[in-house]
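Each chain, written out:
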Amino acid sequence: MAGLGWMRGTSGNLSVTLGRDPLRLAVTASGLDKGELSASDVVVVDEAGAAVPDQPNPDQRPSAEAGLHARIAAVAGAGAVVHVHMLSAVVAGQRWPEGVVLRDLEMLKGLGRRDDDVMTVPVVPNSQDMRVLGDAFEASFDAATPAVIVARHGLYVWGRDLVQARHRTECLDWLFRFTLAANGFQEVVA
Ligand SMILES: CSC[C@@H](O)[C@@H](O)C(=O)COP(=O)(O)O
Ligand SMILES: [Zn+2]
């Protein structure tokens, strides 16, 4: 995903759900180049996204967005969450702030939909407060839509595991790019 330009600079973050009772996630450490992660660049967090005691690497801080990962894991039952700064998602969210409508495309099957379905990816306002962002996500949540766009920021996608979350992220990029191009925003897909 870094190689596709979706994690430029130190942007983006990833998590895997380790347990649900109590909720525990392995989340990427903050401020790192996500294209150069090693096995020690992971922090275990609780349901609020706070690091739990006795970390293997106590110098690492969890992702600034760990609280939203935990909220998505709790509400959506996600096994893994991917956050990327994907240009097509952010431009689509800017163009359609009420939600990005994806319809009648074979690639929708990559998100567990039928090719003739209509899927609206919600757009929520950006916030630096993960509780505010989490509340906005939860208000927009639809169990059949495993993604949310954070306006002028990026995209969150989830799945049963990281591979499914990545596949869904790849399909969404194609769907956003197609939808933008079909509506005259050719430059985004150039
Ligand atoms: C280019 S900085 C972007 C960050 O502010 C944030 O949005 C992000 O995606 C990465 O934060 P991180 O704390 O490294 O997980
Ligand atoms: Zn981000």
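This section reports on the structure supplied with the text. (Residues numbered from 1 in each chain as written. Chains lettered and ligands numbered in written order. Predicted model: local features only at pLDDT ≥ 70, side-chain atom pairs only at ≥ 80, totals over all residues. Heavy atoms only, no water.)

1. Some remarks on the pairing of strand S5 (residues 100-103)
- Along S5, the buried face is formed by Val100 and Leu102; none of Val101 and Arg103, which line the opposite face, is buried.
- In this sheet, strand S6 (residues 118-121) lies alongside S5 in antiparallel orientation, the contact comprising four bridges. When the sheet's bridge partners are listed, Val101 is paired in S6 with Thr120. (Buried < 20%, exposed > 50% of the residue type's maximum accessible area, 1.4 Å probe, protein only. Helix = DSSP H or I, 4+ residues; strand = E, 2+ residues; numbered from the N terminus. Pairing = 2+ DSSP bridges.)

2. Here's the deal with the site of ligand 1
- Neighbouring ligand 1 are 13 residues, the closest being Asn13, Ser30, Gly31, Ser63 and Glu65.
- Backbone polar atom of Gly12 to an oxygen atom of ligand 1: 2.9 Å apart, as the coordinates give it.
- Glu65 is positioned such that a nitrogen or oxygen atom in its side chain is 2.7 Å from an oxygen atom of ligand 1.
- Surface burial for ligand 1 is 72%, taken as the share of its 420 Å² of free accessible area covered by protein chains.
- Residue composition of the shell around ligand 1, by class: one nonpolar, ten polar and two charged. (Near = heavy atom within 4 Å. Polar contact = N/O pair within 3.5 Å; in protein donor to acceptor, adjacent residues only side chain to side chain. Areas by Shrake-Rupley, 256 points an atom, 1.4 Å probe, with all protein chains shown as cover. Nonpolar A, V, L, I, M, F, W, Y, C, P; charged D, E, K, R; others polar.)

3. Let's talk about helix H3 (residues 130-140)
- Buried within H3 are the following residues: Met130, Leu133, Gly134 and Phe137. The buried side chains of H3 occupy one side of the element, clustering within an arc of 100° when seen end-on. Summarising the geometry of H3, the exposed residues directed more than 90 degrees from the buried face are Arg131 and Ala139.
- Here the buried face of H3 lies against helix H1 (66-76), strand S7 (123-124), strand S8 (147-150) and strand S9 (154-159).
- Put simply, Asp129 is the residue that caps the front of H3, since its side-chain oxygen is 2.8 Å from the backbone nitrogen of Arg131. (Arc of directions from axis to C-beta. Contact = heavy atoms within 4.5 Å.)

4. Let's talk about the environment of Gly31
- Checked against the element boundaries, Gly31 lands in the loop between strand S2 (23-28) and strand S3 (42-45).
- Expressed as a C-alpha distance, the spacing of Gly31 and Pro62, which sit 31 residues apart in the sequence, is 9.1 Å.

5. Some thoughts on the coordination of the zinc ion (ligand 2)
- His83 (NE2), His85 (NE2) and His153 (NE2) make up the full set of protein donors to the zinc ion (ligand 2), lying at 2.1 to 2.2 Å.
- The class for His85 is partly exposed, based on a relative accessible area of 30%.
- Judged by its relative accessible area of 13%, His153 is buried. (Donors = N, O, S within 2.8 Å, 3.2 Å for Na, K, Ca; no water.)

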